[in-house]
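Here is what each chain is made of, one letter per residue.
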Amino acid sequence: MDEPLRLARTCLAHGDVPVGAVVLDRGGTIIGRGHNVRERDHDPTGHAEVLALREASRHLGTWRLSGCTLVVSLEPCLMCAGALIQARIDRVVFGAWDDKAGACGSVWDVVRDRAALHQVEVVAGVREPECAALLTDFFAGHRRPTGE
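Residues numbered from 1 in each chain as written. Predicted model: local features only at pLDDT ≥ 70, side-chain atom pairs only at ≥ 80, totals over all residues. Heavy atoms only, no water.

Colleague: Would you take a moment to explain the overall build of the chain for this structure?
Modeller: A count of helical and extended segments in the chain gives 5 helices and 5 strands. Counting from the amino terminus, the chain carries its helices and strands in the arrangement α-β-β-α-α-β-α-β-β-α. Rg of the C-alpha trace for the chain: 15 Å, near the compact-globule value of 15 Å for 148 residues, within the 12% margin. Over its C-alpha atoms, taken along the principal directions, the chain stretches across nearly 50 × 30 × 30 Å. When burial is assessed residue by residue, the chain has 46% of its 148 residues classed as buried. Once local pairs closer than 6 in sequence are excluded, the contacts in the chain between residues at least 24 apart make up 55%. Taking the average place of the 17 positive charges on the side chains of the chain and the average place of its 20 negative ones, the gap between the two points comes to 4 Å. (Helix = DSSP H or I, 4+ residues; strand = E, 2+ residues; numbered from the N terminus. Rg over C-alpha atoms; globule rule 2.2 N^0.38 Å. Buried < 20%, exposed > 50% of the residue type's maximum accessible area, 1.4 Å probe, protein only. Contact = heavy atoms within 4.5 Å. Lys, Arg positive; Asp, Glu negative; His and termini not counted. Charge placed at Lys NZ, Arg CZ, Asp CG, Glu CD.)

Set out below in structure tokens:
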């Protein structure tokens with residue numbers, strides 16, 4: 001989770017929600033990295049997970065990421081959960097739960113749905129306090145004081 005947290009902090013420079021992700025191959029080597037760039041690139045698909053999957057696919061020369069693990073600081077959203085299924089990722093490991101838009105066990109559990117094309121193993125809550133604090137601090141600085 002060290003590298004996803006480091007990547008998440010880079011988002012702060014361009015005002016994006018601090019989320020970082022890496023894809024690990026079967027041997028545990030990082031083959032893809034990403035951090036949120038929605039604000040910077042004006043791209044609704046500019047999520048950390050999507051960028052990490054793209055880089056890993058380029059590295060391997062295939063869109064099929066069987067045997068790989070995605071490690072991300074925040075529970076993936078519905079779009080990213082769908083991308084994990086499409087990429088045939090074996091496992092997702094995440095830090096903080098996303099009680100508003102999470103799709104790996106909180107709001108939805110798309111990646112483990114029996115009707116899905118592929119099921120993804122979920123490991124949740126890894127360094128959760130540290131991952132959650134980064135997000136809480138970010139959003140505290142972006143909300144208006146009460147009464148405005």
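Colleague: Can you walk me through the nonpolar core in this structure?
Modeller: It is characteristic of soluble globular proteins that their nonpolar side chains tend to be buried jointly. Of all hydrophobic cores here, the largest spans 40 residues; its most connected members are V23, L70, L84, I89, V92 and V111. Those elements that provide at least two residues to this core are α1 (2-10), β1 (20-24), α3 (48-60), β3 (69-74), α4 (78-87), β4 (91-96) and α5 (128-140). For V23, the residues in contact, after removing those within four places along its chain, are T29, I30, I31, G32, A52, L53, A56, C68, T69, L70 and I89. (Core = buried A, V, L, I, M, F, W, Y, C linked by side-chain atoms within 4.5 Å.)

Colleague: Got a minute to help me understand the packing of α1 against α5 in this structure?
Modeller: Helix-helix packing is described using two parameters, namely the angle between the two axes and the distance between the axes. Two elements in contact, α1 and α5, have axes separated by 11 Å at closest approach and are oriented at 5 degrees. Judged by the angle between their axes, α1 and α5 are roughly parallel. Along the contact surface, α1 presents L5, A8 and R9, while α5 presents E130, C131 and L134. Within the contact of α1 with α5, the residues separate by chemical class into 4 nonpolar, no polar and 2 charged. (Axes fitted to C-alpha atoms, helices over the stretch in contact; angles between N-to-C directions. Parallel < 35°, antiparallel > 145°, perpendicular 65-115°, else oblique. Nonpolar A, V, L, I, M, F, W, Y, C, P; charged D, E, K, R; others polar.)

Colleague: I keep staring at the pattern of salt bridges and nothing clicks. Help me out?
Modeller: Applying the stated criterion across every chain, the model contains 8 salt bridges. In this structure, R6 engages E3 in a salt bridge whose closest nitrogen and oxygen atoms are separated by 2.7 Å. Within this pair, R6 and its partner E3 are both found in helix α1, separated by 3 residues, close to a single helical turn. Residue R112 is joined to D109 by a salt bridge in which the shortest nitrogen-to-oxygen separation is 3.0 Å. D109 gets classed as partly exposed once you look at its relative accessible area, which sits at 30%. (Salt bridge = Lys/Arg side-chain N within 4 Å of Asp/Glu carboxyl O.)

Colleague: Before we go on, may I ask you to explain the sheet that holds β4 in this structure?
Modeller: One key point about sheets: their strands pair by backbone hydrogen bonds, in either a parallel or an antiparallel sense. The mixed open sheet is built from 5 strands, whose spatial order is β2-β1-β3-β4-β5. Because the sheet does not close on itself, it has two edges, and the strands there are β2 (30-35) and β5 (121-124). Each strand axis lies, on average, 15 degrees off the axis of its neighbour in the sheet, ignoring direction. Sheet strands in contact with α5 are β3 and β4, and its direction is about 65 degrees off that of β4. (Pairing = 2+ DSSP bridges.)

Colleague: Looking at this structure, how should I read the pairing of β3?
Modeller: Each regular strand shows side chains that alternate between the opposite faces of the sheet. When you tally the buried positions in β3, you get 6 out of 6 residues, the bulk of the element. Inspection of the sheet shows β1 paired to β3 by 4 bridges, in the antiparallel sense. When the bridges of β3 are listed, V23 appears paired with L70. With α4 bridging β3 and its parallel neighbour β4, the resulting β-α-β unit is right-handed. (Right-handed = clockwise from strand over helix to strand, strands pointing away.)

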